[in-house]
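Residues per chain are reported as follows:
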Amino acid sequence: MSKKPSTPALQAAMARASKAQSGIRAAEERHVPVEYLHLDDLEISPFQARRDFQQIEELARDIAENGVLQPVLVRPLENGRYQLVAGERRLRASRQAQQVTIPAVIREMTDLEARTHGLRENLQREDLNAYEVARAVLELTALQLERPAEEVQSELRGAAPAEETVRVLGEVLKFVDKDLTYLSYRRNYLSLLRLPDHLVAAIEQGAPYSAVLAIRSATPEQQRQWLPLIVSGEWSRRQVQQALQESRQAGNSAQQQETTTNSWDQQMRQVSRKFTAKRLGTLDKRKRQKAQRLLDELAKLLEE
């Protein structure tokens, strides 16, 4: 695939997003007044990479006592309202703390700049879970390639992704302070995007993604029993793999036992068809005595 001519434009958008972040920090350092916006005038960004907004009670209590110390970033909309670009946890916590307004820095941004800034801001956070990192990296890569995320995801799962796709993914991974490479992202993160909702929810609740990936091969009943142990931290990937191995061994043993039982049933049916008084009458004396002895031994065995 040839290099897309829109890449410089996207890089410019990234630079403007970075400049906006620097401007916010500089404004805070100079104590430049920010605008206080009514919470009802703010709309959630459709470009939010974060999915987990649990456990914000502590932040809400702090905001109730001290207010919002770091302003959120918004952009004005044509309808007179504002769209949140960065700071959704602060917004949610403010609503939970029953605040009326929130300090905000207002910046004019295009859709591209807002989405780029939101993804970059999230990728540089330390508290994103593995699924959120996987999703944000994919979306920012697709954004730069100007292609649907599902299409890029399918290509990355293939045997030979295009050089341009790999290059852009590598550039995006540079924003992530997690020592991620193309190979490690593809091996450890890309598969997270194919998980069913209940396994994604487990990751969002704090379950190690490696343990969640390991439990994919478990039965629905096993997943129901084991997921709480993974989420609570009692089980790691090693415990999941050990439980799966023991389950397979128990299954093999049960299957072998069933096979043996079926074999005995078949043999007994064959013997019962042949073991008749008429058939015994055709045997010589030595064979009749041997048959009687075997019958006696079988009767004693079954009585035990």
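Keep in mind the model is a prediction, meaning the values are calculated, not measured.

Description of the packing of aromatic side chains
Overall, the coordinates contain 3 aromatic pairs when judged by the stated rule. Following the ring pairs from residue to residue traces out a cluster consisting of Tyr185, Tyr189 and Tyr209.

Details of unusual backbone geometry
A positive phi angle, close to 60°, is found at glutamine 98, a residue other than glycine. Note that glutamine 98 resides in the loop between α3 (88–96) and β5 (101–106).

Structural notes on helix α9 (residues 197–204)
Given 3.6 residues per turn, any residue in an α-helix points the same way as the ones three and four places further on. When α9 is considered as a whole, its buried residues turn out to be Leu199, Val200, Ala202, Ile203 and Glu204. As for α9, its buried residues are in contact with α5 (130–145), α10 (209–214) and α11 (220–231). Note on α9: the residue one or two positions beyond its end, glycine 206, has a positive phi of about 110°.

Thoughts on the packing of α5 against helix α7 (residues 163–173)
Contact geometry for α5 and α7: axes closest at 9 Å, N-to-C directions at 125°. On the basis of the axis angle, α5 is oblique to α7. Here α5 runs over α7; the crossing is right-handed. The segment α5 lies against α7, with Val137, Leu140, Thr141, Gln144 and Leu145 engaging Glu164, Thr165, Val168, Leu169, Glu171, Val172 and Leu173. Of the residues in the contact of α5 with α7, the class split is 7 nonpolar, 3 polar and 2 charged.

Digging into the sheet that holds strand β3 (residues 72–76)
Across the sheet, 5 strands lie side by side as β1-β5-β3-β4-β2; this open sheet has mixed pairing. Looking at strand neighbours, the two that pair on one side only are β1 (35–38) and β2 (42–43), the edges of this open sheet.

What about the pattern of salt bridges?
Where charged atoms of side chains with opposite charge meet at close range, the side chains can pair. Under the definition given, this model contains 7 salt bridges. Residue glutamate 171 pairs with arginine 167 through a salt bridge whose shortest N-O separation is 2.4 Å. Of the two residues, glutamate 171 and arginine 167 are both situated in helix α7; the distance of 4 residues between them amounts to about one turn of the helix. On the basis of relative accessibility, which here comes to 22%, the residue glutamate 171 falls in the partly exposed class. When salt bridges with common partners are traced through the structure, they connect Arg147, Glu151 and Glu155 into a single cluster.

Describing a nonpolar patch on the surface
Taken together, the side chains of Leu298, Leu301 and Leu302 define a hydrophobic patch exposed on the protein surface, amounting to about 320 Å² of accessible area. Mapped onto the fold, leucine 301 is located in helix α14 (residues 285–303). Given the relative accessible area of 53%, leucine 301 is considered exposed.

Some details on a positive patch on the surface
On the surface, Arg279, Arg286, Lys287, Lys290 and Arg293 cluster together to form a positively charged patch. Tallying contributions element by element places α14 first for the positive patch, with 4 residues. Topologically, lysine 290 is positioned in helix α14.

Description of the confidence of the model for the protein chain
Confidence in the prediction for the protein chain averages 78 pLDDT; 75% of positions are at 70 or higher. Note on residues 1–6: pLDDT under 50 across the span, and 11 contacts to partners over four residues away in sequence or across chains.

Regarding the environment of arginine 157
Along the chain, arginine 157 falls in helix α6 (residues 149–157). As for arginine 157 and arginine 187, which are separated by 30 residues in sequence, their C-alpha atoms are 9.4 Å apart.

A closer look at the side chain of threonine 141
Here threonine 141 is to be found in helix α5. Classification of threonine 141 by relative accessible area gives buried; the value is 0%. Within the structure, threonine 141 has its side chain in polar contact with the backbone oxygen of valine 137 (distance 2.8 Å). Among residues more than four places away in sequence, those in contact with threonine 141 are Val152, Thr165, Val168, Leu169 and Val172.

Things to note about the side chain of glutamate 155
Tracing the chain through its elements places glutamate 155 in helix α6. You can call glutamate 155 buried: its relative accessible area is 17%. The residues touching glutamate 155, leaving out its near neighbours within four places in the chain, are Arg147, Pro161, Ala162 and Thr165.

The rules behind the values
Residues numbered from 1 in each chain as written. Predicted model: local features only at pLDDT ≥ 70, side-chain atom pairs only at ≥ 80, totals over all residues. Heavy atoms only, no water. Phe/Tyr/Trp six-rings, centres within 6.5 Å; stacked < 30°, edge-to-face > 60°. Helix = DSSP H or I, 4+ residues; strand = E, 2+ residues; numbered from the N terminus. Buried < 20%, exposed > 50% of the residue type's maximum accessible area, 1.4 Å probe, protein only. Contact = heavy atoms within 4.5 Å. Axes fitted to C-alpha atoms, helices over the stretch in contact; angles between N-to-C directions. Parallel < 35°, antiparallel > 145°, perpendicular 65-115°, else oblique. Left-handed = near helix turned anticlockwise from the far one by under 90°. Nonpolar A, V, L, I, M, F, W, Y, C, P; charged D, E, K, R; others polar. Pairing = 2+ DSSP bridges. Salt bridge = Lys/Arg side-chain N within 4 Å of Asp/Glu carboxyl O. Patch = residues over 30% accessible without salt bridge, like charges linked within 9 Å, V, L, I, M, F, W, Y side chains within 5 Å. Areas by Shrake-Rupley, 256 points an atom, 1.4 Å probe, with all protein chains shown as cover. Lys, Arg positive; Asp, Glu negative; His and termini not counted. Charge placed at Lys NZ, Arg CZ, Asp CG, Glu CD. pLDDT = per-residue confidence, 0-100. Polar contact = N/O pair within 3.5 Å; in protein donor to acceptor, adjacent residues only side chain to side chain.

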